[in-house]
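One letter stands for each residue in the lines below.
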Amino acid sequence: MNEKGFTTITLKKINKSKVYQYVYKKKQTSKLQIVQDLQMGLSTVSQNLNLLEKEGLIERNGYFDSTGGRKAQAIQIVSDFRISIGIGILKNMFHITTVDLYGNSICTDTTPVPYSNTVDYYDQVADNIKDFILKNNYDSEKILGISIATQGIISPDNTTVTYGSIMNNTGMNLEDFSRRLPYPCHLEHDSKAAAYLELWNHSDLDSAVIFLLNRNLGGAIITNHAIHHGISMHSGSIEHMCINPDGPLCYCGNRGCLETYCSANSLEHSAQLPVKEFFPLLRKKNSPYLLQIWEDYLNHLAFAMKNLNMVIDAPIIISGYLAPYFTQEDIEYLLERINSAAPFKLSREHILVGAHGQYTPAIGAALFFVEQFIMSI
Ligand SMILES: [Zn+2]
């Protein structure tokens, strides 16, 4: 192909991509708006819209209110043109979710299969994923891939778990899944996957500290709009920050890690109640005992937040399993504790609360393939 031909094709691809990305960002737009904002000719925009519509990537649906003259057609992307499947692996269960091209979780499920590093386990997970796909009638061509979030630190090439003390899954391999599933597969540390979802939902954030309040505690650091990994991939492992050298024993072998005070497991252990029963009873406000347990929990959390805020001067995001249980009052209480005798104050708008609960890592993991797809158009 001569150089001119190549340039024309490249330009066509760039224009198509620009129009698609614009519609994607706007969520709903009109042809005229695209022409104006992208400063592209009307015929070029029309051509690209026709092309994108023919490929099934966008749709024209309804009309904008007329401001005089002909009503403008509303243009949007087809948000389920492709879907991505996210898996969140925990010690005693795994979550599965489907997300559309906007990262909306459109279906979730939980299967109570305890983790074990055996052929049986991986077979069972793969069979469950295949059943989930069948049950929901997903056309296999629509599935971008299956992204797995697991507890444990992952190798920089995202193929192997290099530290998995909770589940005993050190050495867990992407291949354990990918060889059983006829789709592209991806492996991710669950804390990083959760942070990815929070970043996706707060795209204006430059930096943040994420507290993943799951059954086991996790964390992540966001700087320059990206997740900080570190030289051995353990940046943001706030769970092993020591807050009391004489405290309870942590699964890592040390004492008084934040894990032993602020994980959902540690809360359940103190309350001797499952989380699902603890919060309704706590909110009735007639148990000073439960209130004390919750205040202790928040005090430890505030202690860690205050210290981390000295290192990373950025908003804090409360995410994961316990996040939806937090009330306004809890946040006010945390703030008061963080700001008491602190040289620098944190304000209310700098504590954000995630909304996806226990599905956060699975949804965040699924976004890997969504982002890849959007960028590929
Ligand atoms: Zn520890």
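Here the structure is a predicted model, which is why all the values come from computation and not from measurement.

**Student:** Can you help me understand the sheet that holds strand β13 (residues 316–319) in this one?
**Tutor:** In sheet architecture, strand pairing relies on hydrogen bonds along the backbone and comes in two forms, parallel and antiparallel. Strand order across the open sheet formed by five strands is β12-β11-β10-β13-β14, with mixed pairing between neighbours. Edge positions in the open sheet fall to β12 (226–227) and β14 (351–353), since each of these has one partner strand only. Of the strand pairs in this sheet, strand β11 (residues 217–223) and β12 are connected by two bridges, and their pairing is antiparallel. Bridge pairing in β12 places T223 opposite A226.

**Student:** Even after reading the chapter, I still don't get the nonpolar core, so can you show me in this structure?
**Tutor:** The nonpolar side chains of a soluble globular protein tend to be buried, and buried together. In terms of nonpolar packing, the biggest core is built from 43 residues, with F211, F278, Y297, L322 and F326 touching the most fellow members. Elements that contribute at least two residues to this core include exactly β10 (208–213), β11, α7 (259–262), α8 (264–271), α9 (275–283), α10 (288–311), β13 and α11 (328–339). Take this core: its biggest share by element is ten residues, from α10. Excluding its chain neighbours within four sequence positions, the residues that come into contact with Y297 are L213, Y261, C262, S263, L267, L322 and F326. Y24, L101, A220 and Y359 belong to the second-largest nonpolar core, a separate cluster that totals 42 residues.

**Student:** I tried to follow helix α12 (residues 360–376) on my own but got confused; where do I start?
**Tutor:** Working note: α-helix, 3.6 residues per turn, so residues spaced by three or four point in the same direction. Counted at 1.5 Å a residue, the expected span for α12 with its 17 residues is 24 Å, and the 25 Å between its end C-alpha atoms agrees. Among the 17 residues of α12, twelve are classified as buried, and the element is accordingly described as predominantly covered. Residues of α12 that are buried: T360, P361, A362, I363, G364, A365, A366, L367, F369, V370, F373 and I374.

**Student:** Would you take a moment to explain the packing of aromatic side chains for this structure?
**Tutor:** Any aromatic ring pair is given by two values, namely how distant the centres are and how the planes are angled relative to each other. On inspection of all chains with the given rule, the structure shows 16 aromatic pairs. The interplanar angle of 85° and the centroid separation of 5.0 Å between the aromatic rings of F279 and W294 together place this pair among those described as edge-to-face. Of the two residues, F279 is situated in helix α9 and W294 in helix α10; the sequence distance between them amounts to 15 residues. In this structure, F279 and W294 share a single accessibility class: buried. On the basis of an interplanar angle of 80° and a centroid distance of 5.0 Å, the ring pair of F368 and F369 is categorised as edge-to-face. On the basis of relative accessible area, F369 is assigned to the buried category, the value being 5%. Among the aromatic residues, ring-to-ring pairing joins F278, F279, W294, Y297, Y321, Y325 and F326 into one connected group.

**Student:** What is the right way to look at the domain arrangement of the protein in this model?
**Tutor:** As a measure of interface size, the accessible area lost when the parts come together is often cited. Per the domain assignment, the segments of the protein are domain 1 (3–77), domain 2 (83–194 + 360–376) and domain 3 (204–358). Computed over C-alpha atoms, the centres of domain 1 and domain 2 are 34 Å apart. The interface is formed by eight residues belonging to domain 1 together with six residues belonging to domain 2. Of the roughly 630 Å² buried where domain 1 meets domain 2, counting both sides, 59% is carbon and sulfur surface. At the junction of domain 1 with domain 2, the criterion picks out zero salt bridges. Where domain 1 packs against domain 2, one counts four residue pairs in polar contact (both at pLDDT 80 or more). Ranked by residues supplied to the side of domain 1 that touches domain 2, first place goes to helix α1 (residues 3–26) with five residues. Looking at the side of domain 1 that touches domain 2 residue by residue, the class counts come to five nonpolar, one polar and two charged.

**Student:** Sorry, what's going on with the coordination of the zinc ion here?
**Tutor:** Ideal values differ by geometry: the angle at a metal is 109.5 degrees with four tetrahedral donors, but 90 or 180 degrees with six octahedral donors. Of the protein atoms, only H240 (ND1), C250 (SG), C252 (SG) and C257 (SG) coordinate the zinc ion, at distances of 2.1 to 2.3 Å. Metal-centred angles of 106 to 120° between the four donor atoms at the zinc ion mark the site as tetrahedral. Between consecutive donors of the zinc ion, the numbers of intervening residues give the motif H-x9-C-x1-C-x4-C. With H240 in the loop between β12 and α7 and C257 in the loop between β12 and α7, this pair connects stretches of sequence that are 17 residues apart.

**Student:** What is the right way to look at the sheet that holds strand β9 (residues 185–189) in this model?
**Tutor:** Taken in spatial order, the five strands of this open sheet run β5-β4-β3-β6-β9, and their pairing is mixed. Single-partner strands in this sheet number two, and they are β5 (105–111) and β9. Looking at each pair of strands side by side, their axes are set apart by 20° on average, direction ignored. Of the pairings in the sheet, the one linking strand β6 (residues 143–150) to β9 comprises five bridges and is parallel in character. For T150, the partnering residue across the bridge sits in β9 and is H189. The strands that helix α6 (residues 190–201) touches are β6 and β9; relative to β9, the one it contacts most, it runs at about 95°. Helix-sheet contacts for α12 involve β3 (83–89), β4 (94–99), β5, β6 and β9, and the interaxial angle to β6 is about 145°.

**Student:** Before we go on, may I ask you to explain the pattern of salt bridges in this structure?
**Tutor:** Pairing between side chains becomes possible if they bear opposite charge and their charged atoms approach one another. Taken as a whole and judged by the stated rule, the model has ten salt bridges. The shortest N-O distance in the salt bridge between R179 and E175 comes to 3.7 Å.

**Student:** What am I meant to see in the side chain of E188 here?
**Tutor:** When you line up the elements, E188 lands in strand β9. Buried and unpaired, E188 has K192 as its nearest opposite-charge partner, separated by 7.7 Å. A polar contact is formed between the side chain of E188 and the side chain of H186, at a distance of 2.9 Å. Sequence-distant contacts of E188, that is, excluding residues within four places in its chain, are made with I148, A149, T150, I154, N158 and A193.

The rules behind these values
- Residues numbered from 1 in each chain as written.
- Predicted model: local features only at pLDDT ≥ 70, side-chain atom pairs only at ≥ 80, totals over all residues.
- Heavy atoms only, no water.
- Pairing = 2+ DSSP bridges.
- Helix = DSSP H or I, 4+ residues; strand = E, 2+ residues; numbered from the N terminus.
- Core = buried A, V, L, I, M, F, W, Y, C linked by side-chain atoms within 4.5 Å.
- Buried < 20%, exposed > 50% of the residue type's maximum accessible area, 1.4 Å probe, protein only.
- Contact = heavy atoms within 4.5 Å.
- Expected span 1.5 Å × (residues − 1).
- Phe/Tyr/Trp six-rings, centres within 6.5 Å; stacked < 30°, edge-to-face > 60°.
- Domains from an automatic or database assignment.
- Buried area = accessible area lost by both parts, 1.4 Å probe.
- Salt bridge = Lys/Arg side-chain N within 4 Å of Asp/Glu carboxyl O.
- Polar contact = N/O pair within 3.5 Å; in protein donor to acceptor, adjacent residues only side chain to side chain.
- Nonpolar A, V, L, I, M, F, W, Y, C, P; charged D, E, K, R; others polar.
- Donors = N, O, S within 2.8 Å, 3.2 Å for Na, K, Ca; no water.
- Tetrahedral: all angles 85-135°; square planar, octahedral: opposite > 155°, others 65-115°.
- Axes fitted to C-alpha atoms, helices over the stretch in contact; angles between N-to-C directions.
- Lys, Arg positive; Asp, Glu negative; His and termini not counted.

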